[in-house]
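Coordinates in review
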Amino acid sequence: MKLYCLSGHPTLPCNVLKFKSTTIMLDCGLDMTSALHFLPLPLVHSPRLSKLPGWISKDGNAMLEKELKDCAGRVFVDSVPEFCLPETELLDLSTVDVILISNYHCMMALPYITEHTGFTGTVYSTEPTMQIGRLLMEELVNFMERELFGAVQITPLSSGYCLGSSNWIIQSHYEKVAYVSGSSLLTTHPQPMEQTSLKNSDVLILTGLTQIPTANPDGMLGEFCSNLAVTVRSGGNVLVPCYPSGVIYDLLECLYQYIDSAGLSTIPFYFISPVANSSLEFSQIFAEWLCHNKQSKVYLPEPPFPHAELILTNKLKHYPSIHGEFSNDFKQPCVVFTGHPSLRYGDVVHFLELWGKSSLNTIIFTEPDFSYLDALAPYQPLAMKCVYCPIDTRLNFIQVSKLLKEVQPLHVVCPEQYTQPPPAQSHRTDLMIDCQPPPMAYRRAEVLTLPFKRRYEKIELMPDLAESLVPSEIKPGISMATVSAVLQTKDNKHILQSLPKSVQPQTGKKRKRANDDTPEFKPPKPLLCGSITIEQFVQSLEKHGITDVKVEDTPEGHIVHLQSEDTLVQIEEDSTHIICDNNEPLRTKLRDLVLKFLQKL
């Protein structure tokens, strides 16, 4: 047994325990106390912070003057704050099997571990810890202006699929990548999908489409309600294997509207999950992620979801497990919502064993993630009826085709499965992505090079440098100015600054050493622009006594041969070459004649 300590902060731990054949990470704290060494990030421009003097070391070295600022007798880093991450070199973090989180303060470094170390294990925490931890991460991202190391900006967009689901825009100043995954255009409980911001993307990465493109979610809801009603009227029980969040909210809302008209008001509904209570509560408090109709209810005030009223009237009861209170309250016939949809673990296993032998009972599959036939295989022979009503509100291929025409990305990247019909329906060419140019497909363990290259980078001019520029008109309506400056790159931001003023020689060893560290900048040579008219150039040569001239046309321009001097002047669109051996006075004379045709910038 070994314990690896990856964090030096006692209350924000990150340790790895190797016990027998397992590798377990205990918490994943992010030490943010290092932010105390950075200047604040003001929401608006701060004259006070911008005027702070740069820090100069005792030996006069000013190399870090731009990075370090002196404020109230203390030195601060003038940059976006950086945090102290857990050690990543002490052991191979891709070998970690599970991460155990004790509280939401000790999970802030989780994205660094799960996204950048090759970690492929499982993270375990309580539902409240994960939910509140997500809020803390969202707050931190918001405070940091949604920038990743200053290089790109990332923006989440509502995808309309479930509470808090989002697509992502990843963009620099000149490139834009859209990541669309698990999106829905149907009007259900989540906030509607934001489409406008997806427009004009260089690359759109598309994944997470519906798993049952031929099934209509509204139709499936109708079948669900009717089969449920038929079963309980006959004295049977209904088992609904489900996840504790997502579609269950829509199922309960549908039943809320259906119960009285179908004569089911006396039938108890049970929701059994270790996180049933927190799931139902969280669905009511994240109003900003709900559709407009449900958001408006919050201000009345009313619960956004009707399952709150079902709970108040005792029509819906929730329990953490089948033990304890549920055993006392359990009445039949009833409807039970519980997990896991795979039917391999969870309380659903108990109910299949309890009800599977009676044909009066029904199991209704609504989650599309598992084959219901494979899920039921270990329970055969099974007398209870089976109904398959998969409800998947994610984008289908018709909706994708319309979406791509509206947002018009230059390139589409998607899984290989979306570029060909399903294996069981090879004739259904409508069940695949059809766009121009054709989508780029990827598969597992494959590296795909995205089809665009960075061509530009944004550079900021300092005000004093911009003020010193003197544009020259090179042709009507077009002016040009040369820039001689120092390019400073910091936090992936590029700034052109004025050349430093020349430093006067000073005596003293320390002074001399400081001056030696200051780079010397020689005045730049002027740039030349313009064109040389060959006829006028020949005339200029004749005026200066050079008459034995022969002109030869080439694909790139002209070659002027001064035969008596055995000299060539090669004139092209973007260059001029004087080839003259051992006759410097003649070369200088020809150079001056050429310069008379050009404009200095």
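Everything here concerns the structure above.
Residues numbered from 1 in each chain as written. Predicted model: local features only at pLDDT ≥ 70, side-chain atom pairs only at ≥ 80, totals over all residues. Heavy atoms only, no water.

What about the side chain of T231?
Secondary-structure assignment places T231 in helix α4 (residues 217–233). Beyond its immediate chain neighbours, meaning those up to four positions away, T231 contacts G236, N237, V238, L360, N361 and T362. (Helix = DSSP H or I, 4+ residues; strand = E, 2+ residues; numbered from the N terminus. Contact = heavy atoms within 4.5 Å.)

With respect to helix α12 (residues 397–407)
Of all the positions in α12, only F397, Q399, V400, L403, L404 and V407 are classed as buried. In an axial view of α12, the angular spread of the buried residues amounts to 150°, which keeps them on one side of the axis. Exposed side of α12, more than 90 degrees from the buried face: I398, K402 and K405 are the residues found there. The secondary structure elements touched by the buried residues of α12 are β12 (203–207) and β19 (411–415). Measuring from the backbone nitrogen of I398 back to the side-chain oxygen at the start of α12 gives 3.2 Å, which picks out N396 as the cap. Just downstream of α12, Q408 is the residue with a positive phi angle, here 50°. (Buried < 20%, exposed > 50% of the residue type's maximum accessible area, 1.4 Å probe, protein only. Arc of directions from axis to C-beta. Polar contact = N/O pair within 3.5 Å; in protein donor to acceptor, adjacent residues only side chain to side chain.)

Concerning the pairing of strand β16 (residues 335–338)
Looking along a regular strand, one sees the side chains alternate between the two faces of the sheet. By the alternation rule, side chains of β16 split into V335 and F337 and V336 and T338, which are all buried. Across 4 bridges, the pairing between strand β13 (residues 238–241) and β16 is parallel. Following the sheet pairing, V238 is matched in β16 by V335. When strand β14 (residues 269–272) meets β16, the two strands line up parallel, connected through 4 bridges. From the neighbouring strand, F269 faces β16, where its bridge partner is V335. (Pairing = 2+ DSSP bridges.)

Overview of helix α16 (residues 584–595)
With 12 residues, α16 ought to run about 16 Å at 1.5 Å a step, and its terminal C-alpha atoms sit 16 Å apart, in line with that. Of all the positions in α16, only L586, L590, L593 and V594 are classed as buried. Taken around the axis of α16, the buried residues stretch over an arc of 100°, which confines them to a single face. (Expected span 1.5 Å × (residues − 1).)

A few points about unusual backbone geometry
Here the amide bond leading from G339 into H340 is cis, since omega sits at 15°, within 30 degrees of zero. Locating H340 in the fold gives a position in the loop between β16 and α10 (348–355). Non-glycine residue N200 carries a positive phi angle of around 60°. As for its placement among the helices and strands, N200 is situated in the loop between β11 (176–181) and β12. Here N200 falls in the exposed class, since its relative accessible area comes to 64%. Phi angles above zero are rare outside glycine, and Q408 is one such case at about 50°. Relative to the elements of secondary structure, Q408 occurs in the loop between α12 and β19.

Some words on the side chain of N361
The residue N361 is located in the loop between α10 and β17 (362–365) in this model. At a separation of 2.8 Å, a polar atom in the side chain of N361 contacts the main-chain amide nitrogen of N237. Here W355 takes part through its backbone oxygen, which lies 3.1 Å from a polar atom of the side chain of N361. Residues within four places of N361 in sequence aside, it is in contact with T231, G236, N237, W355, M384 and K385.

A few points about the packing of aromatic side chains
Under the counting rule described, the total for this entry stands at 14 aromatic pairs. Their ring planes at 50° and their centres at 5.8 Å tell us that F365 and Y372 sit as a pair that is tilted. Seen from their ring centres, F537 and F597 are 6.1 Å apart, and the 70° between their planes marks the pair as edge-to-face. Remark: F597 occurs in the loop between α16 and β31 (599–600) and F537 occurs in helix α15 (residues 534–543); sequence separation between them is 60 residues. The exposure class of F537 is buried, given its relative accessible area of 0%. If you follow K294 out to its NZ or CZ, it ends over the ring of F305, 4.7 Å from the centre. (Phe/Tyr/Trp six-rings, centres within 6.5 Å; stacked < 30°, edge-to-face > 60°. Lys NZ or Arg CZ within 6 Å of the ring centre and 35° of its normal.)

What to know about the sheet that holds strand β18 (residues 385–388)
Pairing is parallel in the open sheet, where 6 strands are placed in the order β15-β14-β16-β13-β17-β18. The open sheet has two free edges, formed respectively by β15 (316–319) and β18, since each of these has just one partner strand. Within the sheet, the average angular offset between the axes of one strand and its neighbour, ignoring direction, is 20°. When β17 meets β18, the two strands line up parallel, connected through 4 bridges. Paired with T362 across the strands is K385, a residue of β18. Packing of helix α6 (residues 276–285) onto the sheet brings it into contact with β14 and β15, and relative to β15 it is tilted by some 125°. In the packing of α10 onto the sheet, contacts are made with β13, β14, β16 and β17, and the angle to β13 comes to roughly 150°. (Axes fitted to C-alpha atoms, helices over the stretch in contact; angles between N-to-C directions.)

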